[in-house]
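# Working through the structure, step by step
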Amino acid sequence: MLALSGIVRNAGSVDDGDTVTDYLPAERERGITIQSAAVGFGWVLPIRNKEDTMSERSVEINLIDTPGHVDFSVEVSRSVTVLDGAVLVVDAVAGVQAQTETVWRAIRNTDKAKNSNSSEESSGSTTSTSSAHGSHQHEPLPAMMYINKMDRDGADFRHAIQTVAKKLKGSNPVPVQLPLYRVETDGQNHGSIGTNDSTTSSLGANLVAGTLDQQPPHGEFIGLIDIVHMRALIYPPGAEYLSIEDAIPTVVNLSSLEDKDSQPLQAALDARRNLISSLAEVDEVMEDLFLHAMDSEDDENGCPILSNISTSQIQLSLRRMTLSRSIMPTMCGAALRGIGVEPVLDGVAEFLPCPLDRLPPKLSLCADSNRSRQQKQKQQDEQKKSAVTLGHPLHPSTLAYVFKVVHMKGRGGSGDGRVAFARVYSGTLKARDTVRVISPSGLAMSDDGGKSKKQKHPTERVGGMLELSGGQFNNLAEGKCMSGNVCALVGL
């Protein structure tokens, strides 16, 4: 992702120990992620307008790479509290594993939701104060799924989706891609398409698409079929060793194929019909389009559904249902070989929410026992009258949440190298700003071990701000962090 966005020149490899986000010596030695790391980059999403012309939309993506090992699941829990959306990576061979279920519970916030409900049902001032003070709750995250390692022996796109649907409650995976294989057939040309021109009118008889109702074909995984845009992406051999410019996939428009009976085209048409049917089950707008299409006599493609429901309508439905957490768009690829990474970035920009699509965080401050009931009611009335609440990206007041604290030698102004990772929800956080710190430790213990009084919220000054870029912590440009971004604070 970083190489495609231009942050780094060449893509790193976990096996070689030269990735950006896995920068600890132990991570590079073992080839696993131990602690979460953040990095931001820009991406340009191509958009087709109603006039059938192409335009571009630039988006900023803040990526937080979390561990996949069960021993480091606490890092996942810390990170999901500040995310707007998630990309769930599933092994194409093993399917859903134990850690996958743990990550899914954190994404959907199921454990915290149960604890919150039980806290609301319990009565008593002591219980409500201790559980609410300084708490940070987030709504469940919209997610999309990337089935990785499709180039491995035993990889099965269909089986991986089945395990997700069975073991991850409420996931509802909806494939928007199909894997594409090159199989060996006697008497056929085994060469690859050698052009990046999207007007290519032939795929070749030795290319076969994987389906959801059959076993995967025995062949080499070379690309994917985008059933939303009806196109095939075919990657060059050895793409992982090529430069970004040379590893650009060949894009084949399936609607322009000369052979209308080719297996990849028919598989894509069947998958597109299934996609529309799946969306119609959860989206009322798509359901109306589906029913109107069934009553229509326009079936030039042999199917009224495909003839009357456009790509833009499918895209809008996918985004609506992803944001409502009714579906999980599912893609496939082989990240180590660079296959299927660009569509994932497009999907993040197209399907997952931006900060404006999310509710402000639920922050409960420690109530002051000296304040009268009338004062508390007055503050609540003022908050209701406000156009936007504190924590909304358009609110002028600054609100940031520290989700992680690390100790780095030579960093931090506190003497022990303490660096705080923070997500800015509203306003602008600047270096040298004075902020009020809401600590999660809500009660101070007296000498006799009893709970004597509520802890006050101290004010501190931000000593400096660092830009998060994997293992590189450079000073943040202009010394400020805007709403929706992630940064590191020193001096707290």
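Anything mentioned here points back to the structure above.
The rules behind each value
Residues numbered from 1 in each chain as written. Predicted model: local features only at pLDDT ≥ 70, side-chain atom pairs only at ≥ 80, totals over all residues. Heavy atoms only, no water. Helix = DSSP H or I, 4+ residues; strand = E, 2+ residues; numbered from the N terminus. Buried < 20%, exposed > 50% of the residue type's maximum accessible area, 1.4 Å probe, protein only. Contact = heavy atoms within 4.5 Å. Areas by Shrake-Rupley, 256 points an atom, 1.4 Å probe, with all protein chains shown as cover. Pairing = 2+ DSSP bridges. Axes fitted to C-alpha atoms, helices over the stretch in contact; angles between N-to-C directions. Salt bridge = Lys/Arg side-chain N within 4 Å of Asp/Glu carboxyl O. Expected span 1.5 Å × (residues − 1).

## Comments concerning the overall build of the protein chain
A count of helical and extended segments in the protein chain gives 13 helices and 24 strands. Expressed as a percentage of its 492 residues, the buried residues of the protein chain come to 41%. When contacts within the protein chain are restricted to residue pairs at least 6 apart in sequence, those whose partners lie at least 24 apart make up 70%. In the form shown here, the protein chain has an accessible surface area of approximately 26,100 Å², with 48% of it arising from carbon and sulfur atoms.

## Observations concerning the side chain of Thr100
Tracing the chain through its elements places Thr100 in helix H4 (residues 98-108). A residue is classified by how much of its surface remains accessible, and Thr100, at 9% relative accessible area, is buried.

## Side note on the sheet that holds strand S9 (residues 220-226)
With respect to topology, five strands assemble into an open sheet ordered S8-S7-S9-S10-S11, the strand pairing being antiparallel. Every other strand in the sheet has two partners, leaving strand S8 (207-209) and strand S11 (250-253) as the edge strands with one partner each. The average undirected angle you get between the axes of adjacent strands in this sheet is 30 degrees. With four bridges joining them, strand S10 (residues 231-234) and S11 adopt antiparallel strand pairing. Looking at the pairing, Leu233 lines up with Val251 of S11.

## Some words on the environment of Met145
The residue Met145 is located in strand S5 (residues 143-148) in this model. Judged by its relative accessible area of 0%, Met145 is buried. Residues in contact with Met145, not counting those within four places in the same chain, are Leu88, Val90, Val164, Pro173, Met328, Pro329, Thr330 and Met331.

## Things to note about the environment of Gln215
Structurally, the position occupied by Gln215 is in the loop between S8 and S9. Overall, the relative accessible area of 57% leaves Gln215 in the exposed class. Taking the C-alpha atoms as reference points, Gln215 and Asp156, separated by 59 residues in sequence, lie 7.6 Å from one another.

## Considering unusual backbone geometry
Phi at Met230 takes a positive value of approximately 55 degrees, unusual for a residue other than glycine. Within the secondary structure layout, Met230 lies in the loop between S9 and S10. The phi dihedral of Arg432 falls on the positive side, at around 75 degrees, and the residue is not glycine. Looking at the element boundaries, Arg432 is found in the loop between strand S16 (428-430) and strand S17 (434-436).

## Topic: the pattern of salt bridges
A full pass over the atoms with the stated rule returns 10 salt bridges. Glu220 is the partner of Arg182 in a salt bridge, and the nearest nitrogen-oxygen pair spans 3.9 Å. Highlighted residues: Arg182 in strand S7 (residues 177-182) and Glu220 in strand S9, separated in sequence by 38 residues. Looking at Arg182, the relative accessible area reads 13%, which means it is buried. A relative accessible area of 38% means that Glu220 is categorised as partly exposed. What emerges from the salt-bridge pattern is a single network uniting Glu139, Arg325 and Arg358.

## Comments concerning the sheet that holds strand S12 (residues 328-332)
Strand order in the open sheet formed by four strands is S3-S5-S12-S6, with parallel pairing between adjacent strands. On the outer flanks of this sheet lie strand S3 (86-91) and strand S6 (173-175), each paired with one strand and no other. Between one strand axis and the next, the sheet turns by 35 degrees as a mean value, whatever way the strands run. Bridging between S3 and S5 involves six bridges; their strand directions are parallel. Opposite Asp91, over in S5, you have Asn148 as the bridge partner. Packed onto the sheet, H4 meets S3, S5 and S12 and runs at close to 165 degrees relative to S3.

## Quick notes on the pairing of strand S15 (residues 418-426)
Taking burial as the measure, the nine residues of S15 include eight buried ones, the bulk of the element. Pairing geometry for strand S14 (residues 399-407) and S15, over eight bridges, is antiparallel. Looking across to S15, one finds that Val406 is bridged to Val419. Here five bridges tie S15 to strand S24 (residues 486-490), and the two strands are oriented antiparallel to one another.

## With respect to helix H8 (residues 263-282)
Given a rise of 1.5 Å per residue, 20 residues ought to cover 28 Å, and the 29 Å separating the end C-alpha atoms of H8 matches this to within 8%. Those residues of H8 that fall on the buried side of the exposure criterion are Pro264, Leu265, Ala267, Ala268, Ala271, Arg272, Leu275, Ile276, Leu279 and Ala280.

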